[in-house]
Amino acid sequence: MSSPKNEMWTVFKRLMTYVVPMKGMFIMAVLGLLTYGAVDAGFIAFIKPFIDEGFGSNATTVAGVDVPTHGGFNSDNKVLMLAPLVVMGMFILRGLANFVSTYCISYMSAKLIMDMRQQVFEHYLRLPVSYIDRENSGNLISRVTFDTEQIARASGSALISIVRDSITIIGMLAIMFFYSWKLSLCILVIGPVMGVVISVVSKRFRKVSKQIQSAMGGVTAATEQMIKGHKNVLSFGGQQTEIERFYKVNNANRYQNMKLAVAQSVSQPLIMVIGSFALAFVLYAASWDSMKSELTAGTFAAILGAMLAMLQPIKNLTRVNAEFQRGIAACTTVFELLDTAPESDNGTHTVERAQGHLQFKNVTFSYPEQDRKALDNIEFEVKPGKTVALVGRSGSGKSTIASLITRFYGGLSEGDILLDDTSIYDYQLKNLRDQVALVSQQVTLFNDTIANNIAYAYPGDVTREQIIKAAELAYAMEFIDALPEGLDTQVGENGVLLSGGQRQRIAIARAMLRDAPVLILDEATSALDTESEKAIQKGLDNLRHNRTSIVIAHRLSTIESADEILVIDQGSIIERGVHKDLIMQQGVYANLYQMQFGH
């Protein structure tokens, strides 16, 4: 197993691959940071000649003793006259360097986060349904929002501080060793101690940062759950339950943030105390006679200035280390997600439009991480244009059959599913799904107009007439025409402004418009009242003429005309036949029918 340090560098190197396309900006940023650090170092270096030459020459020697002359400094002394101009010039250059570096790094950081967010979002769309089923939706959202924000900090403000302050420290050290290497040696003793402290603290930062990410996912999940179930919460009077649940995750998040704050607040003073030892030692060493003979006032002032100037960058580096480690921890999580294998798509077979001959051959299937068989030896065939209905109790395996046709779950334990005598696993995934129109009991509508919801992801251009025709076939125009803006009415998030039956009819219109050869209706009429259901049934009858239809039905009245009815129980087919024959058998189907209609 790789060490945390190796892991950190691996993650950092991978993060830097996002910067490669912006190398021009990166070079400008580094040059700006170098200039900034060099100006700071140059300013400290300027102290020695300023003191030694600017003030040293203002004395005359009388009987071997330096006596200051009156009138300030010699008129031919250029150093003090040039000093204001040098200082102004230096700080103008420093300001420009700061602007260039900050702008360039902010640009790179924003672009990097945009690219990474886009990559994570697109990767979600390629992940298998089983992965999304398993994952906490709050965590999935948190990776796109919170985690990438942490990376922005690591790649932005942290990077500015790391490069700029490191250059300042190196510059200051160079000045100190240049002016007096003996006096500067104490830094070499203190340096490793600081290094050990920073290393220990970094590990702690990274560990706590991962816990913060997880806690933040909990906050997002709890909020999302409450908003989605807002009506239920209010109707059951669950406000207190939700308040307590949110308090628990919110407090866990605060606790993790406090752990980071403690590590941060302990590390900074500790580094400062260690730094003060070095400073104290320099002051002490300067009083030695052997040192006094080598030092001028300017040299001592420059070394002292350099040491004092180093304390702030060291403090900045310690503080920013927390940000950097948070970014690296977030990067690790995001990269783990991006490394998750997408849906398997090894098929190459494509077809313009399938005929719709569907066969299940001895299909046995178990869900990932479950031992129990969801389907056991399922065998049936649907000829083009025919309708097969699936009936059974909840959890019997009806929806699993529908999900397997569109390859939402891969890897059958046994058997095969064929479309037009070709295994569905040999089809290119997108091409296979283009052959299937799905209407499920959980209708998903997007926060857009009714027209755009019906035409959602339609391949090619779609005309208004096509949308209207599909809506008429679904008997949706009845209520659409009554709306103030008709087809251009906004439906709200997930169609919240429409009734269940209206949402269902829009979903059916969407399937109609797709005009796919295979139609899956997963309890598509479950949310409809009897009147709407009868209207829809007429539309569905029109739709089935040239389509292979798999109808999962709870209401048996909707499937009496099916070409074959399969009764599913615990993943197996226990009865099959047409409505009339199954009623005469007096078996499970007949009992279900009797329970619904009482005759």
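Residues numbered from 1 in each chain as written. Predicted model: local features only at pLDDT ≥ 70, side-chain atom pairs only at ≥ 80, totals over all residues. Heavy atoms only, no water.

Right, let's get into the pairing of strand β12 (residues 572-577). When strand β11 (residues 564-569) meets β12, the two strands line up antiparallel, connected through five bridges. Looking at β12, one finds that I565 is bridged to G577. Linking β11 to β12, which pair antiparallel, is a turn of two residues; within it Q570 sits at a positive phi near 50°. (Pairing = 2+ DSSP bridges. Helix = DSSP H or I, 4+ residues; strand = E, 2+ residues; numbered from the N terminus.)

Where helix α2 (residues 23-45) meets helix α7 (residues 157-179), the axes come as close as 8 Å, and the angle between the chain directions of the two elements is 30°. Comparing the axis directions of α2 and α7 gives the class roughly parallel. Relative to α7, α2 is oriented so that their crossing is right-handed. Between α2 and α7, the residues in contact are L33, L34, Y36, G37, A38, D40, A41, I44 and A45 and I160, V163, R164, I167, T168, G171, M172, I175 and Y179, respectively. Taken together, the residues that form the contact of α2 with α7 break down as 13 nonpolar, three polar and two charged. (Axes fitted to C-alpha atoms, helices over the stretch in contact; angles between N-to-C directions. Parallel < 35°, antiparallel > 145°, perpendicular 65-115°, else oblique. Left-handed = near helix turned anticlockwise from the far one by under 90°. Contact = heavy atoms within 4.5 Å. Nonpolar A, V, L, I, M, F, W, Y, C, P; charged D, E, K, R; others polar.)

So, about helix α18 (residues 500-514). If you check α18, its first and last C-alpha atoms are 22 Å apart, about what 15 residues at 1.5 Å a residue would give, namely 21 Å. Extensive coverage of α18 is indicated by the burial of 12 of its 15 residues. Of the residues making up α18, those classed as buried are G501, Q502, Q504, R505, I506, A507, I508, A509, R510, A511, M512 and L513. Count one or two residues on from α18 and you reach D515, which has phi positive near 55°. (Expected span 1.5 Å × (residues − 1). Buried < 20%, exposed > 50% of the residue type's maximum accessible area, 1.4 Å probe, protein only.)

A few words on unusual backbone geometry. One non-glycine residue, N362, lies in positive phi territory at about 45°. Topologically, N362 is positioned in strand β3 (residues 358-365). Look at Q570: it is not a glycine, yet its phi comes out positive at around 50°. Take Q570: it is sitting in the loop between β11 and β12. The exposure class assigned to Q570 is exposed, which follows from its relative accessible area of 59%.

This part is about the side chain of T548. Here T548 shows up in strand β10 (residues 548-552). Ignoring sequence-local partners within four residues, the contact set of T548 consists of Q355, G356, H357, L358, V382, K383, P384, G385, K386, P517, V518 and L519.

This brings us to the sheet that holds β3. Across the sheet, which stays open at both edges, the four strands sit in the order β4-β3-β6-β7 with antiparallel pairing between neighbours. Looking along the sheet, the strands with just one partner apiece sit at the ends: β4 (375-382) and β7 (422-423).

Close contact between helix α10 (residues 239-286) and helix α12 (residues 297-338) brings their axes to 10 Å; oriented N to C, the two are set at 165°. Considering their axes alone, α10 and α12 lie roughly antiparallel with respect to each other. For the pair α10 and α12, the sense of crossing is right-handed. In terms of residue class, the contact of α10 with α12 is built from 16 nonpolar, six polar and three charged.

Moving on to the packing of aromatic side chains. Counted under the stated rule, the structure contains nine aromatic pairs. Relative to Y409, the ring of Y367 lies with its centre 5.0 Å away and its plane at 90°, an arrangement referred to as edge-to-face. Of the two residues, Y367 sits in the loop between β3 and β4 while Y409 sits in the loop between α13 (398-405) and β6 (414-419), which places them 42 residues apart along the sequence. The class for Y367 is partly exposed, based on a relative accessible area of 22%. When its relative accessible area of 11% is taken as the criterion, Y409 is described as buried. A connected cluster of aromatic rings, assembled from ring pairs, spans F365, Y367 and Y409. Across from the ring centre of F335, 4.2 Å away, lies the NZ or CZ of R14, which sits over that ring. Above the face of the Y36 ring, R164 is positioned so that its terminal group lies 4.5 Å from the ring centre. (Phe/Tyr/Trp six-rings, centres within 6.5 Å; stacked < 30°, edge-to-face > 60°. Lys NZ or Arg CZ within 6 Å of the ring centre and 35° of its normal.)

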